[in-house]
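Architecture at a glance
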Amino acid sequence: MKTIILGLLSVIISGCTGYPKNITPVKNFEINRYLGRWYEIARLDHSFERGLEKITADYSLQEDGSVLVKNRGFSVADQSWKEARGRAYFARERDEGYLKVSFFGPFYSSYVIFELDKTGYQHAFVTGPSRSYLWLLSRSPEPDKEILDRFLERAQTLGYATDELIYVAHD
């Protein structure tokens, strides 16, 4: 847990609420459809997730309009579950997939959904304040190959280091 917290703290302190050039947050975003459980399928490496498998993110709407974020993963080294909780707020408009998230008080980092299956909200491509942050999230721990192929193609076109992606085990 300490590793998750320290890693998230370093990201948030060094991060900002902007996003990479040529990235556009999705429009016509519906937060109520985004709520619930997502499985992390692929990501770029960061200390706050290093060594974790079976990573999920659960989002729930709070009375004040914020979104409670609960990230959870299994540490292979410790043979235990690690969890981090934070709050997300819309960075601009409520119909835009652009939020700011904090796991530590007043320090925020961006959470930018740049592709989303708007029909069923079954997959999302997410970035942070720079191209060193990239995630593929899915409602299923085993998304269709077409989704993974689309993610790799889109991320590579946008300049992400797809050769450095980590594929998360969910078995």
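None of the values given here were measured: they were computed from a predicted structure.

According to the stated counting rule, one finds 14 salt bridges in the structure shown. Its salt-bridge partner being Asp-149, residue Lys-145 comes within 2.8 Å of it at the nearest N-O pair. Residue Lys-145 and its partner Asp-149 are both found in helix α3 (residues 145-157); the two are separated by four residues, about one turn of the helix. Overall, Lys-145 belongs to the exposed group, its relative accessible area being 55%. Because the salt bridges share partners, they merge into one network encompassing Lys-27, Arg-92 and Glu-96.

Among the structural elements, Ser-138 can be located in strand β8 (residues 134-138). Take Ser-138: its relative accessible area is 4%, and that puts it in the buried class. In this structure the side chain of Ser-138 is engaged in a polar contact, spanning 3.0 Å, whose partner is the backbone oxygen of Ser-140. In contact with Ser-138, other than residues within four places in its own chain, are Trp-38, Tyr-39, Ile-41, Gln-122, His-123 and Pro-143.

The next thing to look at is the packing of aromatic side chains. Two aromatic rings, taken as a pair, are described by how far apart their centres are and by the angle between their planes. This model, assessed by the stated rule, comprises 14 aromatic pairs. Geometry around Phe-74 places Lys-54 over its ring, the cationic atom sitting 5.1 Å from the centre. Here the basic side chain of Lys-100 rests over the ring of Tyr-108, its NZ or CZ set 4.9 Å away from the ring centre.

All right, on to α3 then. Helical geometry: 3.6 residues make up each α-helical turn, so side chains three or four residues apart lie on a common side. Helix length check: α3, at 13 residues, gives a terminal C-alpha distance of 18 Å against a target of 18 Å (1.5 Å per residue), a fit within 8%. All of the buried residues in α3 are Ile-147, Phe-151 and Ala-155. Each buried residue of α3 sits inside an arc of 60° when the element is viewed along its axis, so together they form one side. Away from its buried face, by an angle of more than 90 degrees, α3 presents the exposed residues Lys-145, Glu-146, Glu-153, Gln-156 and Thr-157.

Rules used in this analysis
- Residues numbered from 1 in each chain as written.
- Predicted model: local features only at pLDDT ≥ 70, side-chain atom pairs only at ≥ 80, totals over all residues.
- Heavy atoms only, no water.
- Salt bridge = Lys/Arg side-chain N within 4 Å of Asp/Glu carboxyl O.
- Helix = DSSP H or I, 4+ residues; strand = E, 2+ residues; numbered from the N terminus.
- Buried < 20%, exposed > 50% of the residue type's maximum accessible area, 1.4 Å probe, protein only.
- Polar contact = N/O pair within 3.5 Å; in protein donor to acceptor, adjacent residues only side chain to side chain.
- Contact = heavy atoms within 4.5 Å.
- Phe/Tyr/Trp six-rings, centres within 6.5 Å; stacked < 30°, edge-to-face > 60°.
- Lys NZ or Arg CZ within 6 Å of the ring centre and 35° of its normal.
- Expected span 1.5 Å × (residues − 1).
- Arc of directions from axis to C-beta.

Everything listed here is a matter of coordinates, which is why it stays silent on function.
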